[in-house]
Amino acid sequence: MSRQIVEPMGAGLTRVWDVSEVLFDEHTGFQRMLIGRTAQGVSLFCDDERQSTEASQLVYHEALMVPAMLLAAQVRRVLIIGSSEGVASQLAVSFGASRVDHVDIDEVAVRTCAALLPYGYTTAELEAAERGEGPVRVHYTDGFSFVAASEGGYDVVVIDLPDENSDADAQHNRLYGASFLRQCAALLTPGGVVCCQGGCPTLWRNDTLRTAWSRFRDVFATPVYFGSDEHEWAFLSGRRDEVADPVEAMTAHLAGFTPETLDAETLRGSTVVPHSLRG
């Protein structure tokens with residue numbers, strides 16, 4: 001069975017996805033979730049918004065995770081909120097994390113991704129993480145509540161959720177606010193980093209990025225922008241302490257690691273804040 005998904009892109013703009021085969025299409029209790037085959041391979045959509053595709057997911061997830069892990073003084077314990085596919089957890093472990101707490105409120109989404117997506121957790125990996133075996137521990141609970149109850153000790157805290165929604169009642173919006181960022185920052189070890197999906201840098205679609213960048217500049221002494229030049233999304237990282245030349249420090253930390261989709265030149269180019277955000 002084939003169908004089309006009409007994805008909102010901005011005021012008066014939509015993008016149409018041809019889905020040649022629908023593998024899953026249900027409301028999870030938190031969101032409408034669809035997994036199907038597109039021209040970009042097996043793809044995940046939530047509430048008609050593309051979340052990841054087989055072709056571009058690694059570009060996205062490395063753009064989210066790698067700059068933050070390079071900015072952090074160390075990567076031993078990582079907290080990930082959202083990111084249902086599990087790729088972010090795998091990247092944290094590959095960078096040396098010995099403990100990853102993966103928090104996601106949507107158990108159906110996480111398990112369905114593991115069962116159907118050809119990237120991220122396998123079903124066996126997820127079941128081990130649910131049992132607390134190995135470096136990754138999965139917690140099916142509200143990220144806001146988990147952070148409020150946490151004793152901290154994290155080197156990196158990752159917020160990877162759908163983009164902020166103009167609907168004031170959207171449950172995930174509260175996990176983008178300055179107050180929540182400060183709560184996450186309070187969980188950090190010295191030299192720790194909070195990072196999040198920041199929005200789209202495209203001029204006609206950058207309202208949420210403008211807001212997110214303003215928050216990071218208010219909350220963190222060292223905010224770092226990373227706009228993926230091979231995706232349409234931007235990511236923000238922040239340290240509470242002041243780092244004189246964060247991009248140079250990140251580039252120096254790259255030695256010994258081999259991300260597949262970015263290198264030192266990418267870091268130097270993609271950390272330049274867009275002109276419209278600097279104005």
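Keep in mind that this is a model prediction, so the values were computed, not measured. (Residues numbered from 1 in each chain as written. Predicted model: local features only at pLDDT ≥ 70, side-chain atom pairs only at ≥ 80, totals over all residues. Heavy atoms only, no water.)

### Let's talk about the pairing of strand β5 (residues 41–46)
Point 1. Within β5, six of the six residues are buried, which leaves the element mostly enclosed by the surrounding structure.
Point 2. Alignment of strand β4 (residues 32–38) against β5, held across six bridges, turns out to be antiparallel. For T38, the partnering residue across the bridge sits in β5 and is G41.
Point 3. The hairpin turn running from β4 into β5, its antiparallel successor, is two residues long.
Point 4. Turn length for the β5-strand β6 (residues 49–53) hairpin, with the two strands adjacent in sequence and antiparallel, is two residues, and the turn residue D47 shows positive phi of about 50°. (Buried < 20%, exposed > 50% of the residue type's maximum accessible area, 1.4 Å probe, protein only. Helix = DSSP H or I, 4+ residues; strand = E, 2+ residues; numbered from the N terminus. Pairing = 2+ DSSP bridges.)

### As for unusual backbone geometry
Point 1. The phi dihedral of D48 falls on the positive side, at around 65°, and the residue is not glycine.
Point 2. Phi is positive for S83, which is not a glycine, with a value near 55°.
Point 3. For S83, the location among the structural elements is in the loop between β7 (77–82) and α2 (87–94).
Point 4. Residue S83 is classed as buried on the basis of its relative accessible area, which comes to 4%.

### Comments concerning the nonpolar core
Point 1. The biggest cluster of nonpolar side chains holds 51 residues, and the ones touching the most others in it are L44, M65, V78 and V158.
Point 2. When residues of this core are assigned to their parent elements, the largest contribution, nine residues, is made by helix α1 (residues 57–71).
Point 3. In contact with L44, not counting residues within four places along its chain, are M33, L34, I35, E49, R50, Q51, S52, E85, C113, L117 and Y119.
Point 4. Core analysis: the second largest hydrophobic core is formed by 30 residues, I159, C184, V194 and L277 among them. (Core = buried A, V, L, I, M, F, W, Y, C linked by side-chain atoms within 4.5 Å. Contact = heavy atoms within 4.5 Å.)

### Considering the side chain of T208
Point 1. Note on placement: T208 falls in helix α7 (residues 207–219).
Point 2. Ignoring sequence-local partners within four residues, the contact set of T208 consists of D163, E164, G198 and G199.

### Some remarks on the sheet that holds strand β3 (residues 21–27)
Point 1. With antiparallel pairing, four strands are arranged side by side in an open sheet as β3-β4-β5-β6. Edge strands, defined here as strands with exactly one partner in the open sheet, are β3 and β6. Across the sheet, the axes of successive neighbouring strands diverge by a mean angle of 20°, strand direction being ignored.
Point 2. Across the sheet, helix α3 (residues 107–116) touches β3, β4 and β5, and the angle it forms with β4 is around 15°. (Axes fitted to C-alpha atoms, helices over the stretch in contact; angles between N-to-C directions.)

### Thoughts on the environment of A186
Point 1. Within the secondary structure layout, A186 lies in the loop between α6 (178–185) and β11 (188–199).
Point 2. Judged by its relative accessible area of 57%, A186 is exposed.
Point 3. It is 16 Å that separates the C-alpha atoms of A186 and Q74, two residues lying 112 residues apart in sequence.

### Looking at the environment of C184
Point 1. Relative to the helices and strands, C184 is located in helix α6.
Point 2. The exposure class assigned to C184 is buried, which follows from its relative accessible area of 0%.
Point 3. If near-sequence neighbours (up to four positions away) are discounted, C184 is found in contact with V147, V157, I159 and V194.

### Regarding the pattern of salt bridges
Point 1. Applying the stated criterion across every chain, the model contains 15 salt bridges.
Point 2. Here E21 and R37 are joined by a salt bridge, their closest N and O atoms 2.8 Å apart. Pair noted here: E21 is in strand β3 and R37 is in strand β4, with a separation of 16 residues, a long-range link.
Point 3. Between R111 and E107 there is a salt bridge, with the nearest N and O atoms lying 2.8 Å from each other. Linking R111 with E107, this pair stays in helix α3, spanning four residues, or about one helical turn.
Point 4. For R111, a relative accessible area of 40% puts it in the partly exposed group.
Point 5. Connected through salt bridges with shared partners, the residues E7, R15, R50, R205 and E232 form a single ionic network. (Salt bridge = Lys/Arg side-chain N within 4 Å of Asp/Glu carboxyl O.)

### Side note on the sheet that holds β7
Either a parallel or an antiparallel arrangement is found when strands of a sheet pair, and the pairing is made through backbone hydrogen bonds.
Point 1. Pairing in this open sheet of seven strands is mixed, and the strands run β9-β8-β7-β10-β11-β13-β12 from one edge to the other. Where the open sheet ends on each side, the last strands, each with one partner, are β9 (136–139) and β12 (222–227). Between one strand axis and the next, the sheet turns through 15° on average, direction left out of account.
Point 2. Relative to strand β13 (residues 234–239), β12 runs antiparallel, the two sharing six bridges. By the bridge assignment, V224 is partnered in β13 with S237.
Point 3. Against the sheet, α2 engages β7, β8 (99–103) and β9, with an angle of about 170° to β8.

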